[in-house]
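Letter by letter, the chains look like this.
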Amino acid sequence: IVHTLNRADTELVPILVKVQLLQTRLLGEPDAFATAWNWIDAFLRFEHNRPTYLMLRQAMASRRALLLLDGLDEGGEKRAQIERHVTEVLAPQGHVLLATSRPDGIDDERYAGFRRLELKPLSVDQQRQALEQRLGAERASSLLPYLERMPVDERTQERITANPLMLSMVASIFELRSGLAMPETVVDLYTQATAAMLGRAGGGAAGELAPLLQAVFFEAQAANQRVITEKHLRAAAQRVEDSESALDLLRSLALAERLP
């Protein structure tokens, strides 16, 4: 993306679309999407004021837009329709596309005509550099031995901190503990990280969601489903007290992308 935008012979305008938010708009305003020349145009009309929308529409119409579709695997119940729209409408219209997804969210046959890139796990040296940039060289050096005790991911055969999100979580816990010993087990590490993220999400009120979140994940695990639906939420709510207020808070934080 950076190389493309920096080239002197291109004038591409980057347009970021979070697929999770696109799905929300599709569910709430189906008529607007049904009459649009493509769904990105309809989405931008809702997301931006009119001058900005018209500028972005012109960039798309003249094929000078770089459409960044973030999280194809996060399309929820509209995922299949969104993916068909990408391959059967946006691509044939000639738009420059960059779509992201988790590796297990890719249908190889559907995207056979696309070029595919895969982000590799962070190397040990890259993990060290990231920690030094965030914590400083001295503090990072004291955390590095802890990383060597992290478990290995079965798929990549790398330490779990080779995942940037996991590495960031470990660094956050290190900063919060401020000189105290780090958690001894991965379970303790996750417990503290989840509590910290909930605290940042919505203060004390968000911390009260822990019982509901545990129940939600139990329901999804028991059903062997990765995508959490309203059915899981309702089943989980029956297991906790003050479920309605907790459900309302959970939904509002999820829509604002403020949940761990």
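What you see is a predicted model, and the numbers here were worked out from it, not measured in a lab. (Residues numbered from 1 in each chain as written. Predicted model: local features only at pLDDT ≥ 70, side-chain atom pairs only at ≥ 80, totals over all residues. Heavy atoms only, no water.)

Undergrad: Could you give an account of the overall build of the protein, with specific residues and numbers?
TA: A count of helices and strands for the protein gives 13 helices and three strands. Each of the three principal axes of the protein carries a C-alpha extent, and together these read 55 × 50 × 40 Å. The 260 residues of the protein split such that 32% are buried. For the protein, contacts bridging at least 24 residues in sequence account for 57% of all contacts bridging at least 6. Side chains of the protein carry 30 positive and 35 negative charges; the gap between the two charge centres is 4 Å. (Helix = DSSP H or I, 4+ residues; strand = E, 2+ residues; numbered from the N terminus. Buried < 20%, exposed > 50% of the residue type's maximum accessible area, 1.4 Å probe, protein only. Contact = heavy atoms within 4.5 Å. Lys, Arg positive; Asp, Glu negative; His and termini not counted. Charge placed at Lys NZ, Arg CZ, Asp CG, Glu CD.)

Undergrad: Explain the pairing of strand β3 (residues 96-99) to me, using residue names and the numbers behind them.
TA: Two elements, strand β2 (residues 65-70) and β3, share four bridges in a ladder whose sense is parallel. In the sheet register, L66 faces β3, and the bridge partner there is V96. Regarding topology, helix α6 (residues 79-90) serves as the crossover connection from β2 to the parallel β3, and that connection is right-handed. (Pairing = 2+ DSSP bridges. Right-handed = clockwise from strand over helix to strand, strands pointing away.)

Undergrad: Quick rundown of the nonpolar core? Include the residues and the values.
TA: One finds I15, I40 and L44 to be the most contacted residues of the largest nonpolar core, which totals 24 residues. Every element with two or more residues in this core is listed here: β1 (13-18), α2 (19-28), α4 (39-47), α5 (50-61), β2 and α6. The element contributing the most residues to this core is α4, with five residues. Formed by 19 residues, the second largest nonpolar core is a distinct cluster that contains L122, L143, I160 and V170. (Core = buried A, V, L, I, M, F, W, Y, C linked by side-chain atoms within 4.5 Å.)

Undergrad: Please set out helix α9 (residues 164-177) residue by residue, giving values where relevant.
TA: Helix length check: α9 (14 residues) gives 20 Å between terminal C-alpha atoms against 20 Å at 1.5 Å per residue, within 8%. For α9, the set of buried residues is M166, L167, M169, V170, A171, S172, I173 and F174. The backbone nitrogen of L165 has a side-chain oxygen 2.8 Å away, supplied by the residue at the start of α9, namely N163. Following α9 by one or two positions, S178 has its phi on the positive side, about 45°. (Expected span 1.5 Å × (residues − 1). Polar contact = N/O pair within 3.5 Å; in protein donor to acceptor, adjacent residues only side chain to side chain.)

Undergrad: Which residues make up the sheet that holds β1, and what are the values?
TA: Taken in spatial order, the three strands make up an open sheet running β1-β2-β3, and their pairing is parallel. Either end of the sheet is taken by a strand with one partner, and the two such strands are β1 and β3. For this sheet, the mean inter-axis angle between neighbouring strands, taken without regard to orientation, is 20°. (Axes fitted to C-alpha atoms, helices over the stretch in contact; angles between N-to-C directions.)

Undergrad: Pulling in residues and values, what's your account of the environment of L98?
TA: Relative to the elements of secondary structure, L98 occurs in strand β3. Separated by 82 residues in sequence, L98 and L16 have C-alpha atoms that sit 9.7 Å apart.

Undergrad: I'd like a rundown of the packing of α4 against α5, residues and numbers included.
TA: Contact geometry for α4 and α5: axes closest at 9 Å, N-to-C directions at 165°. As the angle between them shows, α4 and α5 are arranged roughly antiparallel. The hand of the α4/α5 crossing is right-handed. Contacts from I40, D41, L44 and R45 in α4 reach Y53, L56, R57 and M60 in α5. (Parallel < 35°, antiparallel > 145°, perpendicular 65-115°, else oblique. Left-handed = near helix turned anticlockwise from the far one by under 90°.)

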